[in-house]
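Here are the chains, one letter per residue:
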Amino acid sequence: MISKRIAAIDLGSNSFHMLLAEASAETFTTCHKEKKLVALARGLNDNNQLSDDSIEYALQTLRTFADILLLFKPDIVRIVGTYTFRSATNIVQLTQQAQEFLPYPIEILSGFEEARLIFLGVSHNIQLKSNHLIIDIGGGSTEMIIGKGHTPIQLNSCNVGCVSLSNNYFNEPEISLDKFQQAIDYAKQQFEPIRESYLKTGWTSVIGTSGTVKAIYKFVAQHKIINDTIPSSISYETLQDIKTKLLNAGTVSAIDLNGIKEERYSVICGGLSVLIAIFEAMEIDTMDYCDFALREGLLAEINQDFT
């Protein structure tokens, strides 16, 4: 059986991810995962220009990835940039310098294409026998997809994420109820253009993926074990409970949520606000979590091409 080594790299607005796998015509086996918190979207100014410091930090991370790729010796490499790559007016400064040591093209995905690949990653790892709403909260954008089987029905990318919302509403030391409400209201405005059509299409269940949802799901799993069973879903009540805990902390530096990594504290208020806004705008009661997203979508597409 012919197999190939493939690498899928997702250059997100909050984290850079690399997934290395051994692929055959039937399936792929994960060999290694790498994640680096970069918070690239924090480096965007009001004119959507990346700071020199944020570019340099991103390049340092890409050099680490390049060293790993050199050892892995992949047959196929696909590297994609998401919201910040398509928003930054000076992104060429980063991509051109990266080409000096990373001899693979960096594709800049449209929001539509990002949403499609996220759905592909989920649908190739979970059976979606009926309409499902898939939600992926990134650093600068939130992708929302309704799909069934392997077919997306509606694909959208909204320009609001955990980093951008944290920058705009939680950049001051104090965490206040007023700031939370302003952030939630702003996020809901971004979802308003698609709300009616999504509710009309409908779904049987909701699946969340990636950083913010993963962090909150892990918090739920650690703190709400019932009869030795970990709940599989996140409820609206849980989100409100986490918001109360953040308000009680008072400042970002005082946040102490056992189960959520400290590196996520700086963007958790923004991410939580986006998630609450989604629950309210889309009239959601509970959300399940899936550990597959964009990177797995890239692998699935590479595998399709491979066959």
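Residues numbered from 1 in each chain as written. Predicted model: local features only at pLDDT ≥ 70, side-chain atom pairs only at ≥ 80, totals over all residues. Heavy atoms only, no water.

Caption draft 1: Just the packing of aromatic side chains, in detail. A complete count under the given rule lists five aromatic pairs for this structure. Ring centres 5.2 Å apart and planes at 20° place the aromatic pair Tyr217 and Tyr289 in the stacked group. Placement of Tyr217 in helix 7 (residues 210-223) and of Tyr289 in strand 11 (residues 286-289) is noted, with a sequence separation of 72 residues between them. The buried category is assigned to Tyr289, whose relative accessible area is 19%. (Phe/Tyr/Trp six-rings, centres within 6.5 Å; stacked < 30°, edge-to-face > 60°. Helix = DSSP H or I, 4+ residues; strand = E, 2+ residues; numbered from the N terminus. Buried < 20%, exposed > 50% of the residue type's maximum accessible area, 1.4 Å probe, protein only.)

Caption draft 2: Summary view of the sheet that holds strand 4 (residues 76-81). Spatially, the five strands line up as an open sheet ordered 3-2-1-4-5, and their pairing is mixed. For this open sheet the edge positions go to strand 3 (28-37) and strand 5 (106-108), each flanked by a neighbour on one side alone. Across this sheet, the average inter-strand angle for adjacent strands is 20°, counted without regard to direction. Across nine bridges, the pairing between strand 1 (residues 3-11) and strand 2 (residues 15-24) is antiparallel. Bridge pairing in strand 2 links Arg5 to Glu22. Packed on one face of the sheet, helix 1 (residues 52-72) meets strand 1, strand 2 and strand 3 and runs near 15° to strand 2. (Pairing = 2+ DSSP bridges. Axes fitted to C-alpha atoms, helices over the stretch in contact; angles between N-to-C directions. Contact = heavy atoms within 4.5 Å.)

Caption draft 3: Structural view of the side chain of His132. Structurally, His132 can be placed in strand 6 (residues 132-137). Within polar-contact distance, the side chain of His132 engages the backbone oxygen of Ser130 at 2.8 Å. Apart from residues lying up to four places away in sequence, His132 is in contact with Ile145, Ile146, Gly147, Trp203, Thr204, Ser205 and Ile207. (Polar contact = N/O pair within 3.5 Å; in protein donor to acceptor, adjacent residues only side chain to side chain.)

Caption draft 4: Geometry of the layout of surface pockets. Within this model, the largest pocket holds a volume of roughly 760 Å³. Lining the largest pocket we find 41 residues, and of these His17, Lys35, Ser210, Gly211 and Arg295 sit closest to its centre. Counting residues per element, the ones that place at least two in the lining of the largest pocket are strand 2, strand 3, helix 4 (111-123), strand 6, helix 7 and helix 10 (294-306). With six residues, the single largest contributor to the lining of the largest pocket is helix 7. Considering only residue class, the lining of the largest pocket consists of 13 nonpolar, 14 polar and 14 charged. (1 Å grid on protein atoms, 1.4 Å probe; cavity = no way out; pocket = protein on both sides within 12 Å on 5 of 7 lines; lining within 4 Å. Points joined across faces, edges and corners; volume = space filled by probe spheres on them. Nonpolar A, V, L, I, M, F, W, Y, C, P; charged D, E, K, R; others polar.)

Caption draft 5: Layout of helix 4. The terminal C-alpha atoms of helix 4, which comprises 13 residues, lie 18 Å apart, in line with the 18 Å expected from a rise of 1.5 Å per residue. Counting buried positions along helix 4 gives 10 out of 13 residues, so the element sits mostly inside the fold. When we look at burial in helix 4, the residues that qualify are Gly111, Glu114, Ala115, Leu117, Ile118, Phe119, Leu120, Gly121, Val122 and Ser123. (Expected span 1.5 Å × (residues − 1).)

Caption draft 6: Up close: the pattern of salt bridges. Counted by the stated rule, this structure contains 15 salt bridges. Across the salt bridge formed by Lys35 and Glu263, the nearest N and O atoms sit 3.8 Å from each other. Taken as a pair, Lys35 in strand 3 and Glu263 in the loop between helix 8 (236-249) and helix 9 (265-281) lie far apart in primary sequence, 228 residues in all. Overall, Glu263 belongs to the partly exposed group, its relative accessible area being 39%. A salt bridge links Asp291 to Lys214; the shortest N-O distance between them is 3.9 Å. Taken together, the positions of Asp291 in the loop between strand 11 and helix 10 and Lys214 in helix 7 put the pair 77 residues apart, joining distant regions of the chain. Residue Lys214 is classed as partly exposed on the basis of its relative accessible area, which comes to 32%. (Salt bridge = Lys/Arg side-chain N within 4 Å of Asp/Glu carboxyl O.)

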